[in-house]
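Chain and residue survey
Chain residues, written in single-letter form:
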Amino acid sequence: MIEHPKEAIKEVEDKSLLPLIGEKEKELEAMLERTKAECEERIRVARTEAETYIKKAKEELPRLAQEKFEAGVKQIEQEAQNIVQAFQKEVQTLQKNAEKHLDDAKKVAIKLILPEIEKC
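The rules we used
- Residues numbered from 1 in each chain as written.
- Predicted model: local features only at pLDDT ≥ 70, side-chain atom pairs only at ≥ 80, totals over all residues.
- Heavy atoms only, no water.
- Helix = DSSP H or I, 4+ residues; strand = E, 2+ residues; numbered from the N terminus.
- Areas by Shrake-Rupley, 256 points an atom, 1.4 Å probe, with all protein chains shown as cover.
- Salt bridge = Lys/Arg side-chain N within 4 Å of Asp/Glu carboxyl O.
- Buried < 20%, exposed > 50% of the residue type's maximum accessible area, 1.4 Å probe, protein only.
- Patch = residues over 30% accessible without salt bridge, like charges linked within 9 Å, V, L, I, M, F, W, Y side chains within 5 Å.

**Quick notes on the overall build of the protein**
Scanning the protein from N- to C-terminus turns up two helices and zero strands. Accessible area for the protein stands at about 11,800 Å²; split by element, carbon and sulfur atoms hold 61% of it.

Encoded structure:
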């Protein structure tokens, strides 16, 4: 029979892996805490960078909108200029045709009016 229970427990603990397991658990817990802290720091840095990026993007929005607006206005002005030029060409063609028909109409009018004038 065991006379000294404390000595028996100590003897079992010495032969057991329990102290080693306990030590490894503590090491793992410490590693886990370091990893958690590192992850939290990385998240904090990422959030800060994201906030900075968003702030810069918001600051750039008015300039980008103005540039897009100005580019749109230039495009509309160019399209309007193209339409005006197309209409000017069409008007010139119509004017030439009208002048040609006017000459023909004058000739017809002279042929019709001269006999009437000669009768008078």
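**A short note on the pattern of salt bridges**
Tallied over the entire structure, the rule returns six salt bridges. Residue Glu 33 is joined to Lys 36 by a salt bridge in which the shortest nitrogen-to-oxygen separation is 3.9 Å. Taken together, the positions of Glu 33 and Lys 36, both in helix H2 (residues 18-119) and three residues apart, correspond to about one turn of that helix. Exposure remark for Glu 33: the relative accessible area of 47% places this residue in the partly exposed category. When its relative accessible area of 42% is taken as the criterion, Lys 36 is described as partly exposed. Residue Glu 38 is joined to Arg 42 by a salt bridge in which the shortest nitrogen-to-oxygen separation is 2.9 Å. Here Glu 38 and its partner Arg 42 are both found in helix H2, four residues apart, which amounts to about one turn of the helix. Ionic contacts of the salt-bridge type, sharing partners, join the residues Glu 60, Arg 63 and Glu 67 into one network.

**Digging into a nonpolar patch on the surface**
On the surface, a nonpolar cluster with roughly 570 Å² of combined accessible area is contributed by Val 108, Ile 110, Leu 112, Ile 113, Leu 114 and Ile 117. Along the chain, Val 108 falls in helix H2.

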